[in-house]
Amino acid sequence: MICLLWLAVWQVGLLGELHTHASVWFPAAGLSFAALLVAGRSALLPLSIAAVLITFWAAAFYDIPLSLSEQLIAGLAFATAHLAPYSAGAWIVRRVSQYAPGQLPILILSFVLSALTTTLLATGLGMLALTSTGMMTPDEIAGTWFTYWIGDLAGVVVITPFFLPILRTLYPGSSFSLKAYLYANAHGHKGGILYAKALLNIAIVIVSMLLAATLNTMESAFAIFFLAVSHMWMACTESPLANVISLAFSSFLIAFLVALWSLTDYVMVYQFAIIVIASNVLFALALPKLVADNTELERRVGTDTLTSAASRDALFEHASHVFTRAEAAHRPVSVIIFDVDRFKQINDQHGHQAGDKALQCVCEAAREVLRPADILARFGGDEFVVLLPDTAPSVAGQIGQRLHAHINALTVLPCEMTISAGIASSRPGDTFEDVFERADNALYRAKHNGRNQTQGAATNNVKG
Ligand SMILES: Nc1nc2c(ncn2[C@@H]2O[C@H](COP(=O)(O)OP(=O)(O)OP(=O)(O)O)[C@@H](O)[C@H]2O)c(=O)[nH]1
């Protein structure tokens with residue numbers, strides 16, 4: 001199967017043929033790398049057969065005067081020169097994937113560097129094999145090796161990621177798992193917007209190459225680099241699968257149009273465009289996952305794990321925004337601090353787990369009383385803070401009393417559970433710390449006066 005696939009892909013590569021042995025890109029190189037990554041040593045035999053077969057084909061097609069046995073030797077030499085470096089490169093990427101599992105940027109860096117060195121080595125050995133077996137004359141080397149190398153490199157960078165999911169279905173037992181990397185963060189749009197981006201890529205390729213074909217200047221050939229903008233947009237917003245398919249298609253179209261519109265004078269520009277854009281896209285594929293990881297990390301840091309209330313750090317961050325907005329709008333902000341009474345005894349009498357459950361129930365009950373814009377935070381232990389944006393003292397007093405009554409009515413424990421609360425509201429020029437301090441003093445008074453009560457300027461100091 002790999003052998004047939006390779007021969008078919010090699011035929012596609014001929015569409016961008018430059019010289020006898022070099023093309024704009026060499027997609028078969030990408031398939032070799034992908035097959036060695038996924039199937040390892042099992043891919044060597046089918047790939048070797050394919051390499052020998054294309055040598056027979058090339059000898060006939062280019063009228064190279066070699067006997068059948070000489071062609072066989074040339075084919076085996078080419079297979080060795082092609083597959084030895086590619087096996088080594090694929091082996092390195094497989095090892096990196098095992099040592100740094102799930103780390104997409106490291107995997108991509110190792111892939112790009114390995115593609116660079118592998119294709120260079122394969123070019124050197126390939127030239128040696130072709131010239132020493134009579135498939136190429138030594139004086140052809142100077143004009144061929146660079147495009148041969150860059151063509152191989154473009155093929156690997158673009159086509160290997162494209163073939164990985166296909167080959168994974170052929171080799172389901174492969175230890176090179178895609179789930180942990182490229183396809184773990186599947187995301188993106190389906191339908192309309194995705195197709196619009198894909199069409200934009202195609203349109204930029206066609207328009208920029210038409211420009212180069214019309215103006216026939218080196219400067220106009222560089223217009224192809226506008227393709228980086230649309231491909232990067234796609235990389236940051238669409239799934240890896242959509243990206244690798246679109247990259248492969250853009251590269252195919254570039255190679256095809258170079259041949260169709262005779263743009264071979266500018267071929268280096270197109271080859272480098274393919275490589276640079278593809279490498280950038282591959283690195284950018286890691287971005288959505290990094291952003292998602294970062295968002296999850298922020299969520300965890302900002303949330304108390306036991307009660308799901310905001311953390312202390314998140315409280316200060318919210319407070320800074322709320323107070324800035326309130327000052328600009330000349331609106332009051334109120335703060336309620338409440339603390340479970342004699343919580344230590346609850347822990348001692350009913351166990352720590354029952355204490356945890358009680359704290360969770362207190363939070364749930366508080367949320368039932370609070371409005372969506374109010375912020376509930378766990379300040380520490382059994383102490384909670386409620387930030388009430390745009391709330392005058394009288395309203396804060398009512399909310400405090402409702403909170404007090406609602407939590408006191410909880411029947412989560414066999415014994416009674418009560419809270420004490422302190423309330424304060426902002427005055428012009430107050431910071432969060434000022435209001436917090438007054439609410440904390442009010443809470444201290446509530447505790448000092450016998451607990452189970454709310455204290456604060458506008459609460460009429462209600463006892464439970
Ligand atoms: N179950 C549980 N207990 C906690 C947690 N965090 C702190 N505590 C306990 O909560 C208790 C808090 O006690 P204090 O605030 O000192 O006092 P108190 O017993 O509530 O008494 P007053 O506040 O004076 O009414 C301590 O015994 C802590 O060990 C937690 O996450 N879970």
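Residues numbered from 1 in each chain as written. Predicted model: local features only at pLDDT ≥ 70, side-chain atom pairs only at ≥ 80, totals over all residues. Heavy atoms only, no water.

### Topic: the side chain of Arg 94
Working step 1: If you trace the backbone, Arg 94 turns up in helix α4 (residues 68–99).
Working step 2: Asp 152 is the oppositely charged side chain nearest to the buried, salt-bridge-free Arg 94, at an N-O distance of 20 Å. (Helix = DSSP H or I, 4+ residues; strand = E, 2+ residues; numbered from the N terminus. Buried < 20%, exposed > 50% of the residue type's maximum accessible area, 1.4 Å probe, protein only. Lys, Arg positive; Asp, Glu negative; His and termini not counted. Salt bridge = Lys/Arg side-chain N within 4 Å of Asp/Glu carboxyl O.)

### A few points about the UniProt feature "transmembrane region" (unreviewed entry) in the chain
Working step 1: UniProt records the feature "transmembrane region" (unreviewed entry) at residues 44–65, 72–92, 104–130, 142–164, 202–229, 241–263 and 269–291, using the numbering of this structure.
Working step 2: Helix and strand shares over residues 44–65 are 82% and 0% respectively, and the end C-alpha atoms of the span are 28 Å apart.
Working step 3: The distance separating the terminal C-alpha atoms of residues 104–130 is 37 Å; by composition the span is 100% helix and 0% strand. (UniProt positions renumbered as here; feature names shortened; annotations may be inferred.)

### Looking at helix α15 (residues 352–369)
Working step 1: Along its 18 residues, α15 runs 26 Å from first to last C-alpha, staying within 8% of the 26 Å computed at 1.5 Å per residue.
Working step 2: Listed in full, the buried residues belonging to α15 are Gly 355, Ala 358, Leu 359, Cys 361, Val 362, Cys 363, Ala 365, Ala 366 and Val 369. (Expected span 1.5 Å × (residues − 1).)

### Thoughts on the nonpolar core
Working step 1: In terms of nonpolar packing, the biggest core is built from 87 residues, with Trp 6, Met 209, Ile 224, Ile 254 and Tyr 270 touching the most fellow members.
Working step 2: Here the element with the most residues in this core is helix α6 (residues 141–170); it accounts for twelve residues.
Working step 3: With near-sequence residues (within four places) excluded, Ile 224 lies in contact with Val 205, Ser 208, Met 209, Ile 254, Val 269, Tyr 270, Ala 273 and Ile 277.
Working step 4: The next biggest cluster of nonpolar side chains, apart from the first, holds 27 residues, and it includes Phe 338, Leu 388, Leu 413 and Met 417. (Core = buried A, V, L, I, M, F, W, Y, C linked by side-chain atoms within 4.5 Å. Contact = heavy atoms within 4.5 Å.)

### Describing the environment of Gln 271
Working step 1: By secondary structure assignment, the location of Gln 271 is in helix α11 (residues 267–284).
Working step 2: Here Gln 271 falls in the buried class, since its relative accessible area comes to 0%.
Working step 3: Separated by 118 residues in the primary sequence, Gln 271 and Leu 153 have C-alpha atoms spaced 9.0 Å apart.

### Considering a nonpolar patch on the surface
Working step 1: Taken together, the side chains of Leu 109, Leu 113, Leu 116 and Phe 283 present a nonpolar region at the surface, about 340 Å² in accessible area.
Working step 2: The dominant element in the nonpolar patch, judged by the number of residues it contributes, is helix α5 (residues 104–132), at three residues.
Working step 3: Here Phe 283 is to be found in helix α11.
Working step 4: You can call Phe 283 partly exposed: its relative accessible area is 33%. (Patch = residues over 30% accessible without salt bridge, like charges linked within 9 Å, V, L, I, M, F, W, Y side chains within 5 Å. Areas by Shrake-Rupley, 256 points an atom, 1.4 Å probe, with all protein chains shown as cover.)

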